[in-house]
Amino acid sequence: MRASSTLPTAEKLEHYFRQISTIILSRQDPITGLFPASTEVTRHGDYTDAWVRDNVYAIQSVWGLGLAYRESGCDNGRAYLLEQTVVKMMRGLLTAMMHQADKVERFKRSRDPRDALHAKYDTRSGLTVVGDDQWGHLQLDATGLYMLMLAQMTRSGLRIVFNLDEVDFVQNLVYYLGRAYRTPDFGMWERGNKINNGRAEINASSLGVVKASLEAMCGLNLFGDNRYQESVIHVIGDDIAQARITLEALLPRESNSKEVDAALLSVIGYPAFAVEDEKLVEKTRRWVLEKLGGRYGCKRFLLDGHQTVLEDTSRLHYEAAELKKFRHIESEWPLFFTYLFIEALFRGDYVEASDYRKKLEKLAVHKDGINLLPELYYVPRDKVDAEKAQPHSQNRLPNGNTPLIWAQSLYYLGCLIDDGLLSLTAIDPLHRHARIGRPKRIEVQIALLAESEEVKDELDELGYISELAKDLQGIVVKEARDLSRVFSYIGLNHKLQLSGRPIRRMRVLATSQVYRIGDELVVFLPQFQNQTAFYMNLDSHLLVEQLAAELGYLSRHWDQPGRPLIVLVVNRSMLKAADRDAFLAFLQEAATGRVNAVNVKLGALSRLIHQT
């Protein structure tokens, strides 16, 4: 499997080209571009269908090898060949999903699992293979993974999206994923709850990949580096923030039913890099290894009966009381060592990376002259009792699903990096790995708009700069509900029968951005200043508490270029109320440049708008 370190670069690349061509490219359907998860049909299932998740992972090594040829300077046309193979597969999945545009439209509002995009398709036709209620199709991590890699591959120079209809569909996938923080799904293992009873739950592994995909898509031009604005994808910052809040609250747990899940390795490391808190990343990695790590890889989760010799394969779901029989004999998956291998390379821990590479080489099965990574290792029936009595003491056997293309592809990707053929930034052109541990120093800008000349004069006497909306040149001030209406048109496509974003309340991350609509700069008032129901101006204490909360939220979650801008309309009631001292105290504190440990800048909108 390993290319000799003494070989010239061209020969190393040739070594990997032969391996990847034989093991991965040979399985790609020539019409749809899709890959079967495996060619195996076993008592555990038919793996010849094209799972979305498996396909995106299967193409990783092909994409990586194409990038390696591009970087090497010794490309003989193979970079183009490999890159177009990637484009064909990604477009195959895009086409399969676009056939289900009606589901995307319904799911944006219903969040019903029966309205979810399918998780797998027929490899030869790209059409559905099982009914809406015959599989746990709602797997937000699979859709999120596709979107994340679409963004990374587009930024790397590939052109996957061809026209505005496809742009509109991808924009609607953003809306499809936008409320993942409150949407239970079936997760990476497709069956939901740990008890395997078919009930969906909120999974950290799904949420992390979705968060990463929304961050990656935000502001991305799907047509590449050009000035065509209609192909830019728009993401509501508050959807990302809510995903972050929920994810950090869950970790290191996977879900309500699962103490831990090895799927989290894809969230804290490659490809998602979804957790910025370095301590939480380390805690989650340690938790996975302590609870799930073994000689042959990692268990998926505790009490996982999948493909153990004690599993009853005639039933899709388990009884809660029978889970205990799987204790200590859960199958171990080499797949998870590939995640740890690549993550160690990104952390610059080459000793650990080398250790995982050696472990993977030992776990490979020699078949037809090539070393292949099996899907999993299981405890033979005659060794079950001994393994239960003394965990990790018995030798395990590989199952028949060899290779697991997903694992094989990630292994090749790691090897390309480890052998110096592929740079880290090439497969992470969005620099997501640099987000971990990055400190945030956000200054929130606050601009005061006076309701009337009289209010402006009074603010002037108090020493606070304010402006009147009618005096602003080239700047339009709108309410938050107007921003909701604007987004209801973004992604609208009559041919695909897709609407834009459903009308929903806009939170402060969205309203604190400056938008250019036509030739005008447009700013939006925060939601709590909705002029039709602005009761806070009657209670200065409540208003100040809300402002302080919004400032803290902005400082923690702002993730856009520039600085956030809150536009605050000051009316007569706020200055004449009996408890106006609370509001004036807030302005006085803001004038010092700091409110509740948040850096702020109080100034005129006409000036601040050009500093965002």
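Quantities reported herein were computed from a predicted structural model and do not represent experimental measurements.

Rules of the game
Residues numbered from 1 in each chain as written. Predicted model: local features only at pLDDT ≥ 70, side-chain atom pairs only at ≥ 80, totals over all residues. Heavy atoms only, no water. Patch = residues over 30% accessible without salt bridge, like charges linked within 9 Å, V, L, I, M, F, W, Y side chains within 5 Å. Areas by Shrake-Rupley, 256 points an atom, 1.4 Å probe, with all protein chains shown as cover. Salt bridge = Lys/Arg side-chain N within 4 Å of Asp/Glu carboxyl O. Lys, Arg positive; Asp, Glu negative; His and termini not counted. Charge placed at Lys NZ, Arg CZ, Asp CG, Glu CD. Helix = DSSP H or I, 4+ residues; strand = E, 2+ residues; numbered from the N terminus. Buried < 20%, exposed > 50% of the residue type's maximum accessible area, 1.4 Å probe, protein only. 1 Å grid on protein atoms, 1.4 Å probe; cavity = no way out; pocket = protein on both sides within 12 Å on 5 of 7 lines; lining within 4 Å. Points joined across faces, edges and corners; volume = space filled by probe spheres on them. Nonpolar A, V, L, I, M, F, W, Y, C, P; charged D, E, K, R; others polar. Core = buried A, V, L, I, M, F, W, Y, C linked by side-chain atoms within 4.5 Å. Contact = heavy atoms within 4.5 Å. Axes fitted to C-alpha atoms, helices over the stretch in contact; angles between N-to-C directions. Left-handed = near helix turned anticlockwise from the far one by under 90°. Phe/Tyr/Trp six-rings, centres within 6.5 Å; stacked < 30°, edge-to-face > 60°. Pairing = 2+ DSSP bridges.

1. Some points on a negative patch on the surface
- On the surface, E248, D277, E278 and E282 cluster together into a patch of negative charge.
- Examined against the element boundaries, D277 turns out to sit in the loop between α10 (265–268) and α11 (278–292).
- D277 gets classed as partly exposed once you look at its relative accessible area, which sits at 37%.

2. Regarding empty space enclosed by the protein
- Evaluation of the coordinates by the stated rule reveals 7 cavities of 30 Å³ or more.
- In this structure, the largest cavity is lined by 16 residues; those nearest its centre are R191, N196, R300, F301 and D304.
- Grouping the amino acids of the lining of the largest cavity by side-chain chemistry returns 5 nonpolar, 5 polar and 6 charged.
- For the second largest cavity, the calculated volume is near 70 Å³.
- Tallied by class, the residues present in the lining of the second largest cavity amount to 3 nonpolar, 4 polar and 1 charged.

3. A look at the nonpolar core
- Y146, F169, M217 and Y270 are the most contacted members of the largest nonpolar core, which has 140 residues in total.
- In terms of residue count, helix α4 (residues 78–98) provides more of this core than any other element does, 11 residues in total.
- What F169 contacts, discounting residues up to four positions off in sequence, is L94, M97, M98, A101, V104, L496 and L498.
- Ranked by size, the runner-up nonpolar core spans 34 residues in total, among them Y464, Y553, A582 and L587.

4. Some details on the environment of K359
- Tracing the backbone shows K359 in helix α13 (residues 350–363).
- Residues K359 and F337 lie 22 residues apart in sequence; the distance between their C-alpha atoms is 7.9 Å.

5. Describing the packing of helix α5 (residues 101–110) against helix α7 (residues 164–178)
- Running from amino to carboxyl end, α5 crosses α7 at an angle of 35°, the nearest separation of the two axes being 9 Å. As for the relative orientation of α5 and α7, their crossing is left-handed in sense. Here A101, V104, E105, F107 and K108 of α5 come into contact with α7, specifically with F169, N172, L173, Y175 and Y176.
- Within the contact of α5 with α7, the residues separate by chemical class into 7 nonpolar, 1 polar and 2 charged.

6. A look at the side chain of K103
- For K103, the position within the fold is in helix α5.
- Note on K103: relative accessible area 5%, which makes it buried.
- The contact partners of K103, leaving out residues within four places of it in the chain, are R114, D115, A116, H118 and D132.

7. Some thoughts on the packing of aromatic side chains
- Under the definition given, this model contains 19 aromatic pairs.
- Plain terms: the ring middles of F336 and Y339 are 6.3 Å apart, the flat faces sit at 25° to each other, and that makes the pair stacked. With a gap of 3 residues between them, F336 and Y339 both fall in helix α12 (residues 335–347), about one helical turn apart. In this structure, F336 and Y339 share a single accessibility class: buried.
- Here the aromatic rings of F337 and Y356 are separated by 5.3 Å at their centres, their planes lie at 55°, and the arrangement is tilted. Linking F337 in helix α12 with Y356 in helix α13, this pair joins segments that are 19 residues apart in sequence.
- Taking the relative accessible area as the measure of exposure, Y356 reaches 7% and is therefore buried.
- Here the aromatic cluster, defined as three or more aromatic residues joined through ring pairs, consists of Y57, W189, W333, F336, Y339 and W406.

8. Observations regarding the pairing of strand β14 (residues 565–570)
- Of all 6 residues in β14, 6 are buried, a share of seventy percent or more.
- Here β14 shows a buried face lined by L565, V567 and V569 and a second buried face lined by I566, L568 and V570.
- One ladder, built from 6 bridges, connects strand β9 (residues 443–450) with β14; its direction is parallel. Pairing of I446 across the sheet is with I566, part of β14.

9. A few points about the sheet that holds strand β13 (residues 520–524)
- Strand order in this open sheet of 3 strands is β11-β13-β12, and the pairing throughout is mixed. Only two strands of the sheet have a single partner each, and these edge strands are β11 (475–478) and β12 (515–517). For this sheet, the mean inter-axis angle between neighbouring strands, taken without regard to orientation, is 35°.
- Taken together, the 3 bridges between β12 and β13 define a ladder with antiparallel strand orientation. Note on β13: the bridge partner recorded for I517 is E520.
- On the sheet, helix α18 (residues 480–487) packs against β11, β12 and β13 and is oriented at approximately 60° with respect to β12.

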